[in-house]
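A structural walkthrough
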Amino acid sequence: MSKTIKGRDGPTLGIYSSNDMFEKLKFESIRLQSDWHNPYNTFNFLVTAWHLFHDWPESDARLNPSRIKRQPNQCPPEMRFVLDIVRDLVNGSKHFTLEPKAAQKRRITEVYTGNEVGWYQFFFQERLPGVTVETNWYFSIRILHNLIMKYFEWAFDDTKLAKNFPSDLLEAILYCNIAERTGKVSPAVSDILGEVIIK
C-alpha cells in the first residue's frame, strides 16, 4: 500500500525505526565478516553504526530504552572513544577532506590497509585494515566491529538497564590500549575480541 508524503514526513523504503536500522546493522555485520578487506562492506557497516548512534535515537520515543542507552551521556568515556573512531572513519570516508572543526576533533592518527606487517599486526596476530588512535591504541576493523556490535546488542536489549554498561565491553576496549595493557586477557574479553585472523 502506498503512503502519501506530506508535512514533515520523510519518504522511506523499508526502514521505519531504529530497530529496523539495527537489523540493517546486523545485515552489514554479516557482509563485513565475510570479507574484512572489502572497503564497501566496511563503509556500509560503519555508516550504519554511526547513524544508528548519532542520528536515529531522536526518531524513537523519549523513554525508549535503546534511545536512552544511545545518548552520549549514557556511554562511559571508553565507549564514547570507540564511537569517536567510528565518527572519524565515517566522516573521512564520506568527505575525504575534513572541515577544520572536524579535523580538530579527529582521534585517528594512522590508517592501515591490512597489507602492512608491523608491530600492531604482529601483536594482534592479524593483517587486517585498522587504525591507530592517539599513538597507543590500535583497532583492526574486526576488533572495532566486535566492539560496536557488542555495544548495540546491549543498547537494543530492553532487559539491560542503561546504568549497567557491560564491564566486559569496557575491558575489551581497554585491551586495545597497547601501552597500558596489563595481565592476560579474560575469557569474557576474548569472547568479544574473537579469534585472531591471519590472512
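The sections below set out a description of the structure shown in this document. Residue numbers restart at each chain and count upward from 1, following the sequence in its written direction. Only residues with pLDDT of at least 70 are given local features in this predicted model, and only at 80 or more are side-chain atom pairs given and counted; all residues enter the totals for whole chains, interfaces and linings. Derived side-chain values reflect all non-hydrogen atoms in the structure, with water molecules and hydrogen atoms excluded from consideration.

Strands here mean DSSP runs of E at least two residues long; helices mean DSSP runs of H or I at least four residues long; both are numbered from the N terminus. Helix and strand counts for the chain come out as 9 helices and 3 strands. Along the chain, helices and strands appear, N-terminal first, in the series α-α-α-α-α-β-α-β-β-α-α-α. Residue exposure (1.4 Å probe, protein chains only): buried if accessible area is under 20% of the type maximum, exposed if over 50%, otherwise partly exposed. The 199 residues of the chain split such that 42% are buried. Should any heavy atoms of two residues lie within 4.5 Å, those residues are considered in contact. If you take every contact in the chain between residues at least 6 apart in sequence, the share linking residues at least 24 apart comes to 57%.

With that out of the way, let us pick up the layout of surface pockets. Space inside the largest pocket adds up to approximately 470 Å³. Put simply, the parts of the chain that give the lining of the largest pocket at least two residues each are helix 2 (39-54), helix 4 (77-95), strand 1 (108-112), strand 2 (130-133), strand 3 (137-140) and helix 7 (141-155). For the lining of the largest pocket, the leading source of residues is strand 1, giving 5 residues. Each residue is assigned to one class: nonpolar for Ala, Val, Leu, Ile, Met, Phe, Trp, Tyr, Cys and Pro, charged for Asp, Glu, Lys and Arg, and polar for all the others, Gly among them. Classifying every residue of the lining of the largest pocket gives 12 nonpolar, 9 polar and 3 charged. A volume near 230 Å³ is recorded for the second largest pocket. For cavity detection a 1 Å grid was placed over the protein atoms alone, and a set of points counts as a cavity when a 1.4 Å probe fits there but cannot get out; an open set counts as a pocket when protein lies on both sides within 12 Å along at least five of seven lines, with lining residues being those that have an atom within 4 Å of a point. Grid points are joined across faces, edges and corners, and a volume is the space filled by probe spheres set on the points.

Let's shift gears to the side chain of Asn177. Position of Asn177 among the secondary structure elements: in the loop between helix 8 (167-175) and helix 9 (187-193). The class of Asn177 is buried, set by a relative accessible area of 9%. Sequence-distant contacts of Asn177, that is, excluding residues within four places in its chain, are made with Asn136 and Trp137.

Helical geometry: 3.6 residues make up each α-helical turn, so side chains three or four residues apart lie on a common side. By definition here, a helix of n residues has an expected span of 1.5 Å times n minus one. Here helix 1 (residues 18-34) contains 17 residues, and its C-alpha end-to-end distance of 24 Å stays within 8% of the 24 Å for a straight helix at 1.5 Å per residue. Turning to helix 1, its buried residues are Ser18, Met21, Phe22, Leu25, Glu28, Ser29 and Leu32. The arc enclosing the buried residues of helix 1, seen along the axis, measures out at 115 degrees, which places them on a common side. Away from its buried face, by an angle of more than 90 degrees, helix 1 presents the exposed residues Ile30 and Ser34. In this description, one arc is meant: the one made by directions from the helix axis to the C-beta atoms.

Let us now look at the pairing of strand 3. Side chains Trp137 and Phe139 project from strand 3 onto one buried face, and the interleaved Tyr138 and Ser140 project onto a second face that is buried too. At least two bridges found by DSSP between two strands is the condition for calling them paired. Pairing of strand 2 with strand 3 involves 4 bridges; the strand directions are antiparallel. If you follow Gly130 over to strand 3, its bridge partner there is Ser140. In this antiparallel pair of consecutive strands, strand 2 and strand 3, the connection spans 3 residues, and Glu134 shows a positive phi of 50 degrees.

Any two side chains of opposite charge can pair, on the condition that their charged atoms come close. Definition used for salt bridges: Asp or Glu carboxyl oxygen within 4 Å of a side-chain nitrogen of Lys or Arg. Going through the model one piece at a time under the given rule, you end up with 9 salt bridges. Between Lys26 and Glu23 there is a salt bridge, with its nearest N and O atoms 3.0 Å apart. Residue Lys26 and its partner Glu23 are both found in helix 1; the two are separated by 3 residues, about one turn of the helix. For Lys26, a relative accessible area of 32% gives the class partly exposed. For Lys150, the salt bridge is made with Asp168, and the minimal N-O distance between the two is 3.5 Å. Here Lys150 is found in helix 7, whereas its partner Asp168 is found in helix 8, with 18 residues between them in sequence. A relative accessible area of 26% places Lys150 in the partly exposed class. Counted as one network, the salt bridges with shared partners bring together Arg80, Asp84, Arg87, Asp88, Arg107 and Glu134.

Residues enter a nonpolar core if they are buried and are Ala, Val, Leu, Ile, Met, Phe, Trp, Tyr or Cys, with the set joined through side-chain atoms within 4.5 Å. Phe139, Tyr151 and Phe152 are the most contacted members of the largest nonpolar core, which totals 45 residues. Per-element accounting of this core gives the leading share, 10 residues, to helix 7. Apart from the residues lying within four places of it in its own chain, the contact partners of Phe152 are Phe22, Leu25, Ala49, Leu52, Phe53 and Arg70.

Across the sheet, which stays open at both edges, the 3 strands sit in the order 1-2-3 with antiparallel pairing between neighbours. The sheet terminates laterally at strand 1 and strand 3, the two strands that pair on one side only. Neighbour-to-neighbour, the strand axes of this sheet turn through a mean angle of 20 degrees, independent of strand direction. Orientation is described by lines fitted to C-alpha atoms, with helices fitted over the stretch in contact, and by angles between N-to-C directions that extend from 0 to 180 degrees.

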